[in-house]
Amino acid sequence: MDQGGNYQVPLNQALSAIGSATSTPPDSTAAASEAGKKRKRHRPILILACHERKQQCDRAKPCKRCATRGTPDECTYYQSQADKRPIGQSLRLDSEIESVEGPARLEAAIQSTLRSMEPSTLMGLQALLQLVQASSTLSPGPSVRGQGSSSTQSSTESSVEVAAAALGQLSQQQHPGIEALNSASSSIGPIAQVLRHINMEQKQSAILSETAALADFRARLPNHPVTNHLLFYFFAESTIPWIWPILHRPVFDTCYLSFSDGSQSPSVDFIALLTAVCALSLQFLPPSVDGTLFVGNQTGREALKQRLQELTRASLLHEESPPPTIERIQTLVLLALHHLNLGNVRGYYESAGMAIRMGQMLKMNRDPSGQELTELDAEIRRRLWCIMQCITLGRPYLIHEQHCDVKLPYNLDQVELHALPHVHYKPLTEPTEQTFQILQIRWSKILGNLWNVCFSTQQPTFRTVLDIEKKIQEFEQDIPPAFQLTAQNATPEKRFLTVQAYAISQQLLHARVLILRPLLLRNNNADDGISNSLHAHLRHLCKLNCQKLIGQQVALQVEGSHVPSACWADTVIRLFDIVVSLAVAISKEPLNSDINGMQDSLVAVHCLLTQMAGCGSIAENGVRCVEAVRRHVARLVDPQYDPSNPLAPLDLDLSGHNLKLGSLAVGKIPYLSDFEGHWETERQDEPIPLYGVEFPSLDALCSEEGVKSLQKYLDQLTNV
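Computed from a predicted structure; not experimentally measured.

**Q** Quick question: what am I supposed to make of the packing of aromatic side chains here?
**A** The geometry of an aromatic ring pair comes down to the distance between the two centres and the angle between the two planes. Following the criterion strictly, the structure yields 12 aromatic pairs and no others. Here Phe455 and Tyr691 contribute two aromatic rings whose centre-to-centre distance is 6.2 Å and whose plane-to-plane angle is 50 degrees, an arrangement assigned as tilted. Taken together, the residues span a long stretch of sequence, with Phe455 in the loop between helix 19 (435–454) and helix 20 (462–477) and Tyr691 in the loop between helix 26 (655–665) and helix 27 (705–719) at a distance of 236 residues. On the basis of relative accessibility, which here comes to 4%, the residue Tyr691 falls in the buried class. An aromatic cluster is built from Phe234, Phe235, Phe252, Tyr256, Phe259 and Phe270, whose rings are joined through pairwise contacts. For the cation-ring pair, Arg512 lies above Tyr671, with the distance from its terminal atom to the ring centre recorded as 3.8 Å. In this structure, Arg517 is placed above the aromatic ring of Phe695, and the distance from its NZ or CZ to the ring centre is 4.3 Å.

**Q** For this particular structure, what's the right way to read helix 24 (residues 595–612)?
**A** Because the α-helix completes a turn every 3.6 residues, residues three or four places apart line up on one side. For helix 24, built from 18 residues, the straight-helix expectation of 26 Å at 1.5 Å per residue is met to within 8% by its first-to-last C-alpha distance of 26 Å. The set of residues buried in helix 24 consists of Ile595, Met598, Ser601, Leu602, Ala604, Val605, His606, Cys607, Leu608, Leu609 and Met612.

**Q** Explain helix 17 (residues 345–361) here, please?
**A** Over its 17 residues, helix 17 extends 24 Å from the first C-alpha to the last, a length consistent with the 24 Å expected when each residue adds 1.5 Å. Of all the positions in helix 17, only Val345, Gly347, Tyr348, Ser351, Ala352, Ala355, Ile356, Met358 and Gly359 are classed as buried. Positive backbone phi, approximately 60 degrees, marks Lys363, located one or two places after helix 17.

**Q** What is the right way to look at the nonpolar core in this model?
**A** Note on soluble globular proteins: their nonpolar side chains tend to be buried together. Formed by 152 residues in total, the largest nonpolar core has its most connected members in Trp244, Ile246 and Phe252. Excluding anything up to four places from it in sequence, Ile246 contacts Gln330, Val333, Leu334, Leu337, Leu384 and Ile387. Ile47, Cys50, Cys66 and Cys75 belong to the second-largest nonpolar core, a separate cluster that totals seven residues.

**Q** Explanation requested: the pattern of salt bridges in the structure shown.
**A** Where side chains of opposite charge bring their charged atoms close, a pairing between them can arise. For the structure shown, the criterion picks out 14 salt bridges. Asp269 serves as the salt-bridge partner of Arg328, at 2.8 Å between the closest nitrogen and oxygen. With Arg328 in helix 16 (residues 326–342) and Asp269 in helix 14 (residues 268–284), this pair connects stretches of sequence that are 59 residues apart. Judged by relative accessible area, Arg328 falls into the buried class, the value being 3%. Among the salt bridges present, the one from Glu379 reaches Arg382, with a minimum N-O distance of 3.1 Å. Residue Glu379 and its partner Arg382 are located together in helix 18 (residues 375–390), separated by three residues, close to a single helical turn. Accessibility expressed as a relative area gives 0% for Glu379, which makes it buried. Within the structure, one salt-bridge network assembled from shared partners comprises Asp367, Glu379, Arg382 and Arg383.

**Q** What is the right way to read empty space enclosed by the protein from this model?
**A** A water-sized probe, rolled over the atoms, reveals where empty space remains. Taken as a whole and assessed by the stated rule, the structure comprises six cavities of 30 Å³ or more. In terms of lining, the second largest cavity is formed by Pro245, Ile246, Leu247, His248, Gln330, Ile380, Arg383, Leu384, Ile387, Gln414 and Gln434. The leading source of residues in the lining of the second largest cavity is helix 18, at four residues. Classifying every residue of the lining of the second largest cavity gives six nonpolar, four polar and one charged.

Thresholds, definitions, all that
- Residues numbered from 1 in each chain as written.
- Predicted model: local features only at pLDDT ≥ 70, side-chain atom pairs only at ≥ 80, totals over all residues.
- Heavy atoms only, no water.
- Phe/Tyr/Trp six-rings, centres within 6.5 Å; stacked < 30°, edge-to-face > 60°.
- Helix = DSSP H or I, 4+ residues; strand = E, 2+ residues; numbered from the N terminus.
- Buried < 20%, exposed > 50% of the residue type's maximum accessible area, 1.4 Å probe, protein only.
- Lys NZ or Arg CZ within 6 Å of the ring centre and 35° of its normal.
- Expected span 1.5 Å × (residues − 1).
- Core = buried A, V, L, I, M, F, W, Y, C linked by side-chain atoms within 4.5 Å.
- Contact = heavy atoms within 4.5 Å.
- Salt bridge = Lys/Arg side-chain N within 4 Å of Asp/Glu carboxyl O.
- 1 Å grid on protein atoms, 1.4 Å probe; cavity = no way out; pocket = protein on both sides within 12 Å on 5 of 7 lines; lining within 4 Å.
- Points joined across faces, edges and corners; volume = space filled by probe spheres on them.
- Nonpolar A, V, L, I, M, F, W, Y, C, P; charged D, E, K, R; others polar.

Right, dumping it as structure tokens:
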């Protein structure tokens, strides 16, 4: 079946609508028909001299025959007494007849164009012409002023606006017959011309609006010294690109240079990306930075933070339904991290979810190798999609593997991507800027499985917990040597390896604490297949993992003179979970022999969060939560303790804590599988109810009310 046969039904409907839309009203058609009949009875209008000689005349003024005879003055038109109508009236009559015959020529002009269109397009064109017909049949007529005329005018304007929008969409399809349609529309009456004029005005208005928005956003950006300093800190000094390499720096630098020297007008999406980069860089910028960089020192710094946040939101929302772009996705991912550092969990998940949805609209969840993209563009999309897979902290697990088939990114530095495909891919044993993200992709799947299996509506069994821990153990064994804390492979050119090695190790420790923490709530002599001796071992394992994680973070902060401080929200979240776990352990065993060591660990976390408090409200709320836990523990250890008394002053010098916890930072800790033989084999498939208990989580760090909820939880835990 040929293509034209498939479109026959909507084509006939569209042609019928065209004939209706472009036809004149019945009254005017009848008048024109009657005038045509009169014209047939009208005698030919000829030159008088030619008429008398019965010669053919060309009806020029003077005509050719009079000019040949040399009597141009005698060239006058013959008119009878019965018909003295002026020539202008005849010309107007010809114009009316031309307008009546216009639809037939229009149908012939666009018929070939309609046959090449899809059925959905034909149906849209039919609706468009029906709107035009409805608007053309509305006549003002005699009406009382203020009654009816306004509604008629509003309806007509609405129809023309809808028709103009539809015509604009039709003109963007670039069909072969569109040019013929446009050329023919000039002779079929004013409707097509008006619509085309309105469409051109809308396009010009959109261009002017875009230009005005660019000028406004550009004027609200920080001056060049401040912007350049924030960009330099973002890429060269902060840990942001080390943990989340969201931007492809060579491409970003090229766009920024064109933007700075004015050689190329930027898009609003690039301005949104630029402001998001500056806002996140300012969030990580130490308070000790040179005060001359900001007007009014700290006051100017806070004002600039607010300004950048508002500008990022305004540039993202300047269009009602913007198309997805790589720059917009990158901006949303940066904005999600910014929200999380501020403790805005709702904004974090909304921005991350919007970025993922836009990525799916661009088909980034499918490998771009089969798309018409260059090797560089395809690799940039792979890397950005893999970052979005890892950014949701595993809760909720937003991207399911069955919906994706994106290959792993190449283990290459960004500067090496421009040589694709003429470059050899490096193994994971050769660390690059991308190796950490490749490891994070695998880890995000394990973490998502952990949350789905152990902390969902269905309670896990001991065998399920052992299977998850086995995956964690296998991941730890497969970590390349350069990312193990015992290795000394970090060079000045690859300082990021130190921060990335600590991040991977802390992720593993945090996951192991989450697995063991519910078992801290177990009461002795409970009938669950766990002996009291095994329970004591499990509690000890949980406390060792907590103290090891704290020791590693202290060691990382002490190395701050060589490695930039990693003041990340996920670091605060991990420390908060450790504090809650220690509080549960102390509450269940206040007379434990290791109570002093656990209290020292709480003090170390208090010092760490106090140093991070300048980076965001989530760290500030973390400080208040640790203070509440320390008072609660002090009341358990010493019944005479008065909670209204202030805590002992903190010594923010972490070197002392580093000496106490340094040995735990690199020591090996057994796994649950090492104690598998102590669990009753016949009861390993029974659900563990303790995993259904909820612990204080991220919500406690997002508001001041979270501190009260944490205090309430601790009081209930003690009463139980």
